[in-house]
Amino acid sequence: MQAFTVHRGIAAPLDRANVDTDAIIPKQYLKSIKRTGFGPNAFDDWRYLDPGQPDADNSQRRPNPDFVLNRPPYDRATILLARENFGCGSSREHAVWALDDFGFRAVIAPSFADIFFNNSFKNGLLPVVLDENEVDEMFRRVAAEPGLEIEVDLQSQEVRLPGGPVFRFEVDSDRRRRLLEGLDDIALTLQHADKIRAYEQRRRGEAPWLMAG
Amino acid sequence: MSGQTLYDKLWQAHVVHEEPDGTALLYIDRHLVHEVTSPQAFEGLRLAGRKPWRADSVLAVPDHNVPTDNRDAGIADPVSRTQVETLEHNVAEYGLKFFPMRDLRQGIVHVIGPEQGATLPGTTVVCGDSHTSTHGALGALAFGIGTSEVEHVLATQCLWQKKSKSMLVRVDGELRPGVTAKDVVLAIIGKIGTAGGNGHAIEFGGSAIRGLSIEGRMTLCNMAIEAGARAGMVAVDEKTIEYVRGRPQAPAGELFEQAANAWRKLVSDPDAGFDRIVELDGAAIEPQVSWGTSPEMVVPVSGQVPDPAQEQDPVRAEGMRRALAYMGLEPGTPIHAIRPDKVFIGSCTNSRIEDLRAAAAVVRGRRKADNIKLAMVVPGSGLVKQQAEAEGLDRIFLDAGFEWREPGCSMCLAMNADRLEPGERCASTSNRNFEGRQGQGGRTHLVSPALAAAAAVAGHFVEPAQLEG
């Protein structure tokens, strides 16, 4: 997994609450058996005026000029600014893969849906929770200064706007460590293999019907 | 010391290891797998030279992509076909239990888990699908995971988890006739919102919940995720135990009795504390219809489309305006005046035998209205379909002009050929009314099976009791 330490980039304002994972990557693209290549279809229904298909040449489609990510400089954005409950709905990790493939490294919102939040950490995409007033202030600043580059620092747990302010954010220490170092979750877990086996042995005694299947 | 919640008990029984910050390595008893969220996980496993930790914990089935008619012809869409074939190769390579598309036991993963007795009370159940919360109806800790976690569970039988906060949603009182589990859960989501359960595991309790059948409880827990909660659950009672008894993968004989005694303890202690308690009066709940593009946008069928001008919060008001524009609805429109183009009865929320019986009871002796272009019934599994046919339900639907299909996810998310065209309006028993969910530009109204059936017959939303003839 790619590590995340500090990232500086353009923040794109997506001024909507409850952005669901169906919107982030529509269902027809979930038929892929790969992890990559979802970027051109991120936010497909909002981003293009004509319907899309997995095998379509996206360069031949009509982009929606009103959609924020189609407007320079936001087509080069690497930080997404959104409203509450971002990533709700389906568990599809393809939503995170699509944001990552588009070029996003961080999403900033007042709250995230649990599964999306979790999936993000597994892919080096940092979900940053700030309080609503702080997110409001960021929307105002970005509107006033399009192309504003902001800095997201996982090491110091800060979001820094040029010339201030600086917003501090919280993140679980375990998740932070894994992301800072880009650690492979499975390899770490397998260091506990003996404990897993001991657990299984104990459970076989307590609840023998569980392993009968 | 205060007592333990059901969630506390399920959690504690599965902790393998705990980090100083409280992050726990949680053991997973059952892993359900389908074709959409698993290919990249198997590929990761293969690339790392790993094998499934416990192959017997897995049950795999294709459901999202499969056609619901003419299965003799196979899967026409080559991309869908590749995905299903990829699952077939993966289960063969690793020796996993699998119900292929033509197996009588094939169906929606959240229907077949409980049906087969793969889901048992007291287990942890995961699947790369957010509606895994369904299985909590049996007193299990069940939640959806992403593909990286699917790979992690395959490789280690465990997941790193931080314990959620606990929420009790208590619904007391007797439900009115015609009010179903679907209406209860939509009313709950309408009350707490789609983010209301974020960071929480929800236990549903109270006399109205205890009065629900196990299938009704599955409908309820299925939509916990639409309230933002990864896990929903209901305490074990005798209904739970009788539901599980005799299932193919459930324990039998003396072992079943031993298990049942352990399962009876899977209830929250009377003095258990919850981080949040939400109460609803069951007797006050009316049949619900969603009007917008989020499951929290619901009103009673007797009500009307709300007005964003009445909403104080500007972000919410803007969300409502956007939803109304997408749905092609005006504020103040009576729900009764909304006329669907299609009706979909199915999905992991409402495709079990009781759902089909409830819809058939409304349809019996009636005909689909002329403005309904398509009314389709998609049973949740081959076994549900077989049971329905044994009861003659298929004839009731077919005689009324409905289509009777093969099991799968179908038009809940339109990954197969079943979908809405732009602008089409659907009365749907599924779980999500997001933009484009049932097809790009499609407009979804979430309802119970009885209400969907009534809409098909009347040509507009109406309470079944108000139908003529």
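S.K.: Teacher, can you tell me more about the overall build of chain A here?
M.R.: Helix and strand counts for chain A come out as eight helices and seven strands. Overall, the C-alpha framework of chain A stretches about 65 × 45 × 25 Å when taken along its three principal axes. Taking all contacts inside chain A whose residues are at least 6 apart in sequence as the whole, residues at least 24 apart take part in 66%.

S.K.: Whenever I open this one, the sheet that holds strand E8 (residues 158–161) of chain B confuses me. Can you help?
M.R.: The pairing of strands in a sheet comes from backbone hydrogen bonds and takes either a parallel or an antiparallel form. Taking strand neighbours across the sheet as the criterion, the three strands line up as E1-E2-E8 (chain B) in an open arrangement whose pairing is antiparallel. The sheet terminates laterally at strand E1 (15–18) and E8 of chain B, the two strands that pair on one side only. Put simply, the sheet's adjacent strands are angled 25 degrees from each other on average, direction ignored. As defined by bridge partners, strand E2 (residues 24–27) of chain B adjoins E8 of chain B across four bridges and the pair is classed as antiparallel. Looking at the pairing, Leu-26 of chain B lines up with Leu-159 of chain B of E8 of chain B. This element, helix H8 (residues 193–206) of chain A, spans E1, E2 and E8 of chain B of the sheet and lies at about 145 degrees to E1 of chain B.

S.K.: Looking at this structure, I do not really get helix H5 (residues 147–156) of chain B. What am I missing?
M.R.: Since there are 3.6 residues in each turn of an α-helix, residues three or four apart along the chain are aligned in direction. Residues and elements named next belong to chain B. Within H5, ten of the ten residues are buried, which leaves it mostly tucked inside the rest of the structure. For H5, the complete set of buried residues consists of Thr-147, Ser-148, Glu-149, Val-150, Glu-151, His-152, Val-153, Leu-154, Ala-155 and Thr-156. Gln-157 occupies a position one or two residues after H5 and carries a positive phi of about 65 degrees.

S.K.: Hey, could you run me through the sheet that holds strand E3 (residues 106–109) of chain A in this one?
M.R.: Residue and element names in this part refer to chain A. Strand order in this open sheet of seven strands is E4-E3-E2-E1-E5-E6-E7, and the pairing throughout is mixed. Across the chains shown, the open sheet's two edge strands, defined by having one partner strand only, are strand E4 (126–129) and strand E7 (166–168). Across the sheet, the mean angle separating the axes of adjacent strands is 30 degrees when strand polarity is ignored. By the bridge criterion, four bridges tie E3 to E4 in an arrangement that is parallel. Its bridge partner lying in E4, Ala-109 is registered against Val-129.

Cut-offs used in this document
- Residues numbered from 1 in each chain as written.
- Chains lettered and ligands numbered in written order.
- Predicted model: local features only at pLDDT ≥ 70, side-chain atom pairs only at ≥ 80, totals over all residues.
- Helix = DSSP H or I, 4+ residues; strand = E, 2+ residues; numbered from the N terminus.
- Contact = placed C-beta atoms within 7 Å.
- Pairing = 2+ DSSP bridges.
- Axes fitted to C-alpha atoms, helices over the stretch in contact; angles between N-to-C directions.
- Buried ≥ 20, exposed ≤ 12 C-beta atoms within 10 Å, placed from the backbone.

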